[in-house]
Amino acid sequence: MSRRYFLIYILMAVLVSCVEKKTRLQAAPENIIRFDRFTEQYPAVDSGQIRLMQPAADLLLGVINSQRDEPVDFEAYRSSPAVRTFKPDVDLYLPQLDSVCQVLGNVREGLSEILPDVKTRALYGVITPFRQSVITSDSVTLVGLNHYLGADYGGYDGFEDYVRRLKIVDRIPFDVTEATIAADYPYVSTESGVVLDRMLYEGALIYVMTRVIPDADARKVLAYTPEQWEWALENEADAWASLASRQLLYSTDRMVSAKLNNPSSATSILHKDAPGMLGRFIGYRIVESYMRNNQSTEISTLLTPEFYNSRASLVNSGYSPVRR
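What comes next is a walk through the structure. (Residues numbered from 1 in each chain as written. Predicted model: local features only at pLDDT ≥ 70, side-chain atom pairs only at ≥ 80, totals over all residues. Heavy atoms only, no water.)

**What to know about the packing of aromatic side chains**
This is how the line gets drawn: For this analysis, a ring pair means two rings from Phe, Tyr or Trp (six-membered ring only for Trp) whose centres lie within 6.5 Å, classed as stacked if their planes differ by under 30 degrees, edge-to-face if by over 60, and tilted for the remaining angles. Put simply, DSSP H or I for four residues or longer makes a helix, DSSP E for two residues or longer makes a strand, and each gets a number counted from the N terminus. Charge-over-ring placement is defined geometrically: NZ (Lys) or CZ (Arg) within 6 Å of the ring centre, and within 35 degrees of the ring normal.
In the structure shown here, the tally under the stated rule is 18 aromatic pairs. An angle of 75 degrees between the planes, with centres 5.6 Å apart, marks the rings of phenylalanine 38 and tyrosine 42 as edge-to-face. Between the aromatic rings of tryptophan 240 and tyrosine 319, the centroid separation amounts to 5.0 Å while the plane-to-plane angle is 85 degrees, which identifies the pairing as edge-to-face. Here tryptophan 240 is found in helix α12 (residues 236-245), whereas its partner tyrosine 319 is found in the segment after α16 (311-317), with 79 residues between them in sequence. Put simply, the rings of Phe35, Phe38, Tyr42, Phe74 and Tyr77 touch in pairs and so form one group of aromatic residues. Sitting over the face of the ring of phenylalanine 174, arginine 171 holds its NZ or CZ atom 4.4 Å from the ring centroid. When the ring centre of tyrosine 187 is taken as reference, the NZ or CZ atom of arginine 198 above it lies at 4.4 Å.

Here it is as structure tokens:
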């Protein structure tokens, strides 16, 4: 190839890259409907606002009442301790969510391109009394804004460090994206389901999130510190060897799966210094290896039982970490 044509090739590649980036950046922002403000303004709102907020109210009160003996109505929710406690601070710390809405708009576009079964849901910002920050139904997603007031927020002082790191507004796109994918592509267990199946599913979730959330990588999805990420990479081969030699990969014990994949201060089942969710980290690394070695695979395939419940997926991934 002559120098002239080489330069033209490089220029065209750059232009295509810029067009793709520009298109993604111009995605329409997702609208987060502020139900949290509606609760305060309710006595003075018109019927149109009430109709707009009704789906959020139905879902929120439905979940609350599913856990109570005495039913709670909207007025009782408005005056509940959670609303009284967090409403002023949500107003103070989260007056606008423009940057979050833009990221979620980009996520919406990305998901629609690679996951055909993802549903469109109305997104509402609420104040929730639950530990769960995001709640989804077929048509509605509730985001508990009181869960994102900042890692140093006084109301989170009783939480461990690994939890407080997740209590920042920048985590909203991560949590909404994961909840959306998991709702429409839920984990399907089998009677013979093993720990490896769940690790592959969790790894697939992370892989998809890195593809649709702007500037996201696996470290950010897992909310690892740079030190935790480096530990995971440095000790990946030993952790994998431990999973295999102790026959944990093919364990049917759900507690083992939880200890490996659920958020925690450490994955102590493998090593006292291992960061939490090391099983998810390894699951991601397997999926990443699989996609590198099977480039024609549709990304949506990763979230099907045929992929994560198959022993062949590990074999075909070519995953074999070596000590650094």
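Structure shown, so let's carry the discussion forward.
**Thoughts on the sheet that holds strand β3 (residues 134-136)**
Basically, it comes down to this: At least two bridges found by DSSP between two strands are what make those strands a pair. Fitted lines through C-alpha atoms serve as axes, helices being fitted only where they are in contact, and the angles separating the N-to-C directions of these axes extend from 0 to 180 degrees. What makes two residues a contact is simply this: any of their non-hydrogen atoms within 4.5 Å.
An order of β1-β2-β4-β3 is seen for the 4 strands of this open sheet, with the pairing classed as mixed. Lying at the two open borders of the sheet, with one neighbouring strand each, are β1 (32-34) and β3. In this sheet, adjacent strand axes meet at a mean angle of 25 degrees when their direction is disregarded. Alignment of β1 against strand β2 (residues 122-126), held across 3 bridges, turns out to be parallel. Paired with arginine 34 across the bridge in β2 is glycine 125. Helix-sheet contacts for helix α3 (residues 47-65) involve β1, β2, β3 and β4 (140-144), and the interaxial angle to β4 is about 70 degrees.

**Quick look at the pairing of β2**
The test is simple: Burial here depends on accessible area, computed with a 1.4 Å probe over protein chains only, as a share of the maximum for the residue type. Under 20% is buried, over 50% is exposed, and the range in between is partly exposed.
Of all 5 residues that make up β2, 4 are buried, and the element is covered over most of its length. Relative to β4, β2 runs parallel, the two sharing 5 bridges. When the bridges of β4 are listed, glycine 125 appears paired with valine 143.

**Examining the nonpolar core**
Keep this limit in mind: Definition used in this section: a nonpolar core is a set of buried Ala, Val, Leu, Ile, Met, Phe, Trp, Tyr and Cys residues joined via side-chain atoms within 4.5 Å.
If you look at the biggest cluster of nonpolar residues, it comprises 55 residues, and the most contacted ones within it are Leu243, Leu278, Phe281, Ile282, Leu302 and Leu303. It is helix α9 (residues 195-212) that provides the largest number of residues to this core, a total of 12 residues. Beyond its immediate chain neighbours, meaning those up to four positions away, leucine 303 contacts Leu115, Ile181, Tyr185, Tyr201, Ala204, Leu205, Val208 and Tyr308. In this structure, Ile33, Tyr124, Ile127 and Leu149 belong to the second largest nonpolar core, which totals 43 residues.

**Observations regarding the environment of tyrosine 250**
Following the sequence through the fold, tyrosine 250 ends up in the loop between α12 and α13 (254-261). Expressed as a C-alpha distance, the spacing of tyrosine 250 and valine 195, which sit 55 residues apart in the sequence, is 5.7 Å. Apart from the residues lying within four places of it in its own chain, the contact partners of tyrosine 250 are Val194, Leu196, Arg311 and Leu314.

**Regarding unusual backbone geometry**
Positive phi outside glycine occurs at aspartate 215, with the angle close to 65 degrees. Turning to its location among the elements, aspartate 215 is positioned in the loop between α9 and α10 (218-222). Residues other than glycine seldom take positive phi values, yet methionine 277 does so here, at roughly 60 degrees. One can find methionine 277 in the loop between α13 and α14 (278-293).

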